[in-house]
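Structure at a glance
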Amino acid sequence: MHRFFVDDPCRVGEESVLPPTEAHHAALVLRLMPGETVELLDGQGVYAATLSMVGKHQVRAVVSARLPDREPRVRVTLFQGLAKGDKFDSIVQKCTELGVHAVQPLEMLRCVVRLDAKRTSAQCQRWQRIAREATKQCGRAWVPQIQGPIKLDDSIFAEQQLIIVPWEDAEDGSLGEVLAGKPSCIGLVIGPEGGITEDEVGRLRGLGAKIVTLGPRVLRTETAGMAALAAILALCGEME
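The structure presented is a predicted model; accordingly, all values stated were derived computationally and were not measured.

How each quantity is defined
- Residues numbered from 1 in each chain as written.
- Predicted model: local features only at pLDDT ≥ 70, side-chain atom pairs only at ≥ 80, totals over all residues.
- Heavy atoms only, no water.
- Helix = DSSP H or I, 4+ residues; strand = E, 2+ residues; numbered from the N terminus.
- Buried < 20%, exposed > 50% of the residue type's maximum accessible area, 1.4 Å probe, protein only.
- Areas by Shrake-Rupley, 256 points an atom, 1.4 Å probe, with all protein chains shown as cover.
- Lys, Arg positive; Asp, Glu negative; His and termini not counted.
- Charge placed at Lys NZ, Arg CZ, Asp CG, Glu CD.
- Core = buried A, V, L, I, M, F, W, Y, C linked by side-chain atoms within 4.5 Å.
- Contact = heavy atoms within 4.5 Å.
- Phe/Tyr/Trp six-rings, centres within 6.5 Å; stacked < 30°, edge-to-face > 60°.
- Lys NZ or Arg CZ within 6 Å of the ring centre and 35° of its normal.

Right, let's talk about the overall build of the chain for a bit. The secondary structure content of the chain amounts to six helices and twelve strands. When the backbone C-alpha atoms are referred to their principal axes, the chain occupies close to 60 × 40 × 30 Å. Counting the 240 residues in the chain, one finds 47% classified as buried. Summed over its atoms, the accessible surface of the chain is roughly 12,300 Å², and 49% of this surface lies on carbon and sulfur atoms. The averaged location of the 31 negative side-chain charges in the chain is 5 Å from the averaged location of its 28 positive side-chain charges.

Note that soluble globular proteins tend to have their nonpolar side chains buried in a common cluster. Core analysis: the biggest nonpolar cluster contains 53 residues, and I164, L188 and V189 have the highest contact counts within it. Ranked by residues supplied to this core, first place goes to helix α6 (residues 221-235) with six residues. For V189, the residues in contact, after removing those within four places along its chain, are F79, L106, M108, F157, I163, I164, V165, P166, I196 and L204. Grouped together as the second largest cluster of nonpolar side chains are 16 residues, L18, A23, L40 and V59 included.

Quick look at the packing of aromatic side chains now. All chains considered together, the criterion is met by two aromatic pairs. When the centroid spacing of 4.4 Å and the interplanar angle of 35 degrees are considered together, the rings of F88 and W127 count as tilted. Of this pair, F88 sits in helix α2 (residues 87-98) while W127 sits in helix α3 (residues 117-138), and the two are 39 residues apart along the sequence. We note R132 situated over the ring of F5; from NZ or CZ to the ring centre the distance is 4.0 Å.

The following block contains the structure:
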């Protein structure tokens, strides 16, 4: 099924106009024809629609139905230590596919990557494009927001009901145990390549974070966030 973002809210029974870049892709790349069924994403929901007009400069579709919501009921924000190379790209892409609500890059003590203002702007735009394309690919309505890197600070977790920190020397139990309270907003903190320092773990524990294990194997930073996110969503009944 081909999926396209639209700028305005979709309404069943009405026409939606694809923005120029999406229209170009539909008409000139995919060469779709009037009468073909597509899905439209307006940022709030996913809709079934039928193409009513396909031209070089404009593509329209009539919305026929709102499809079942594909967003997880539990909102997980990934606080990810900056990673080098294309690792962060992969983290953003795969976690978007899994259902992450937002990704917040973190500057942590053992980060080997440091971004200046110019690089930060370019990287955030790149990460946002990756999240948008991954959202379209997996049929989500919500595009996770990727903000600029921030330092570990008490205030960044203000909206989270539960903070989870996977760590190889964890003492607070397993994911299943800390999720027993069924929180709806979760902050998941993953360290960079060098891992989280004991001082950082102490600060997080002081904020009420649960320091948990992901099992006996030590995972790379680009693996840990995806594994923990998938486990959290599964334990919360979001992968049934």
